Amino acid sequence: MILPIVAYGSPVLRTVAKEITPDYPNLEKLIADMWETLYASNGVGLAAPQINKDIRLFVVDSIQLFANQDEEDKGKYADEPGFKKVFINAKIKECNGEPWPYSEGCLSIPKIREDVTRPATVTIEYDDENFIHHTDTFIGITARIIQHEYDHIEGKLFIDYLTPFKRKLLKGKLADITNGKIKVDYKMSFPK
Ligand code: ZN
């Protein structure tokens, strides 16, 4: 089932999400719905707060991104061809490496893309969908997507990294998103 993606301005996007246990109701269905929602919106990552659940769960599929990238960008990222993973109760242990800028977007903040500088690698502890515990280090574009999705379960958004000046310039566009004055080709729910 495709779920509506909550828009910027919704309180759940500013909530620090809670850990879950294996007996969380209908978790398997929820994860399946998140994948379906992600693909329906052509995203590469989706966090539970974006579908109005304040739990520490996000899904990442960087294979899609590499499959769709321009010919000239092929081989540019060390983590090609990417991967598909579920992250439950994730906790970032450390971020390392030379910070680099990349033009980020977010399904909850449609039609805005801005350069965000983030560290090159991320070491993260998490459970997979079977509640098997992992500690892994990720690089490249995958490390970036993970940091972006992780921010969602901490109540943070990529626009928080922008300068006050840049944010001021985006104020009108952000208000339009909150007020539902935006056209997107996927299902969204607006706070007002
Ligand atoms: Zn996002």
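All of the points below concern the structure found in this document. What you see is a predicted model, and the numbers here were worked out from it, not measured in a lab.

The next point concerns the pairing of strand 4 (residues 84-96). Inspection of the sheet shows strand 3 (residues 57-61) paired to strand 4 by five bridges, in the antiparallel sense. Paired with Val59 across the bridge in strand 4 is Val86. Here six bridges tie strand 4 to strand 7 (residues 121-127), and the two strands are oriented antiparallel to one another. If you follow Lys91 over to strand 7, its bridge partner there is Glu125.

Right, let's talk about the sheet that holds strand 4 for a bit. With respect to topology, five strands assemble into an open sheet ordered 2-3-4-7-8, the strand pairing being antiparallel. On the outer flanks of this sheet lie strand 2 (45-47) and strand 8 (133-138), each paired with one strand and no other. With strand direction ignored, the average angle separating the axes of adjacent strands in the sheet is 40 degrees. Sitting on the sheet, helix 1 (residues 27-40) is in contact with strand 2, strand 3 and strand 4, with an inclination near 45 degrees to strand 3.

All right, on to the pattern of salt bridges then. The tally for this structure, following the rule as stated, stands at nine salt bridges. Two residues, Glu104 and Arg144, come together in a salt bridge whose shortest N-O distance is 2.7 Å. Linking Glu104 in strand 5 (residues 100-106) with Arg144 in helix 3 (residues 140-153), this pair joins segments that are 40 residues apart in sequence. With respect to burial, Glu104 and Arg144 carry one shared label: buried. A cluster of three or more residues bridged by salt bridges with shared partners is formed by Glu104, Arg118, Arg144 and Asp151.

With 14 residues, helix 3 ought to run about 20 Å at 1.5 Å a step, and its terminal C-alpha atoms sit 21 Å apart, in line with that. Of all the 14 residues making up helix 3, 14 are buried; the element is thus mostly covered by neighbouring parts of the structure.

The next point concerns the packing of aromatic side chains. In total, this model carries six aromatic pairs according to the counting rule given. With centroids separated by 4.5 Å and ring planes inclined at 45 degrees, the aromatic side chains of Phe87 and Tyr126 adopt a geometry described as tilted. With Phe87 in strand 4 and Tyr126 in strand 7, this pair connects stretches of sequence that are 39 residues apart. By the burial criterion, Phe87 is buried, and Tyr126 matches it. Centroid distance Phe87 to Phe138: 6.0 Å. Interplanar angle 70 degrees. Geometry classified as edge-to-face. Here Phe87, found in strand 4, pairs with Phe138, found in strand 8; they are 51 residues apart in sequence, far enough to count as distant. Assigned by exposure class, Phe87 and Phe138 land together as buried.

So, how was this worked out
- Residues numbered from 1 in each chain as written.
- Predicted model: local features only at pLDDT ≥ 70, side-chain atom pairs only at ≥ 80, totals over all residues.
- Heavy atoms only, no water.
- Pairing = 2+ DSSP bridges.
- Helix = DSSP H or I, 4+ residues; strand = E, 2+ residues; numbered from the N terminus.
- Axes fitted to C-alpha atoms, helices over the stretch in contact; angles between N-to-C directions.
- Contact = heavy atoms within 4.5 Å.
- Salt bridge = Lys/Arg side-chain N within 4 Å of Asp/Glu carboxyl O.
- Buried < 20%, exposed > 50% of the residue type's maximum accessible area, 1.4 Å probe, protein only.
- Expected span 1.5 Å × (residues − 1).
- Phe/Tyr/Trp six-rings, centres within 6.5 Å; stacked < 30°, edge-to-face > 60°.

Any functional reading would require information beyond the geometric quantities listed.
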